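One-letter residues, chain by chain:
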Amino acid sequence: MNEATNKQVTKTREIVCSALMELMNQFQFREIKISAITKQAGIARITFYRNFGTKEDIIRIYLRQLYRDLFNMRKKQDNLTIAQMIHMMFMITELQKPVLRKLFAHDLEYLVMEEFIEMIEEGLSEVFTDVDIAEYLIQFQIGGFTKIILNWVKEDCEKNATHFCNQITNLMNHYQLNTKNY
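Residues numbered from 1 in each chain as written. Predicted model: local features only at pLDDT ≥ 70, side-chain atom pairs only at ≥ 80, totals over all residues. Heavy atoms only, no water.

This part takes up helix H9 (residues 161–174). An ideal rise of 1.5 Å per residue puts 20 Å on 14 residues; H9 measures up with 20 Å between its terminal C-alpha atoms. Along H9, the residues that are buried comprise Ala-161, Phe-164, Cys-165, Ile-168, Thr-169 and Met-172. One side of H9 carries all its buried residues, which in axial view fall inside an arc of 130 degrees. (Helix = DSSP H or I, 4+ residues; strand = E, 2+ residues; numbered from the N terminus. Expected span 1.5 Å × (residues − 1). Buried < 20%, exposed > 50% of the residue type's maximum accessible area, 1.4 Å probe, protein only. Arc of directions from axis to C-beta.)

Pasting the structure below:
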């Protein structure tokens, strides 16, 4: 794909995502039809299917992009510590709390969890150095981290991203988890 095509795909996806979010203000997600999304977005049905397979894919792509930016930043900055990465993840999540709460209200927590777990797994696999236990350690970290961040969003916790980042980093330091850098 050339740059102009990529920009058009990105723009179309943004329009469709916005249309779906607007419709979710009025209807339950399960009640929203593809035809309603395309009408709200002002696009043809074929355009929808060029970009998405299902309406759930709209949410998946939105969430992937949200956290993909974080990992692209990590790859560009060799000296970014895991604590800084965790802090950035909480900051991004904090900015997106209204959207995430809307998804939870529509019983779409499973989509958020799927994408969040995939994103954390990808990031942690680059951080842990002990290959023998890395797989188990990654799964262990994913479970706890996912639970903490999703409950933070769901319960509208008053503590901020810095508080949670410090708590998680302290836990990791306390148990001396074998990572490349903190």
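The next point concerns the nonpolar core. Counting 44 residues, the largest nonpolar core has Phe-90, Leu-103 and Phe-145 as its most contacted members. Looking at this core, the elements with two or more residues in it are helix H1 (3–24), helix H2 (34–41), helix H4 (55–76), helix H5 (82–95), helix H6 (97–105), helix H7 (109–125), helix H8 (131–154) and H9. Examining the composition of this core, we find that seven residues originate from one element, H1, more than from any other. Setting aside anything within four residues of it in sequence, one finds Phe-145 in contact with Ile-86, Met-89, Phe-90, Phe-116, Ile-120 and Ile-168. (Core = buried A, V, L, I, M, F, W, Y, C linked by side-chain atoms within 4.5 Å. Contact = heavy atoms within 4.5 Å.)

We now examine H2. Residues of H2 that are buried: Ile-34, Ile-37, Thr-38 and Ala-41. Taken down its axis, H2 places every buried residue within 95 degrees of arc, on the same side.

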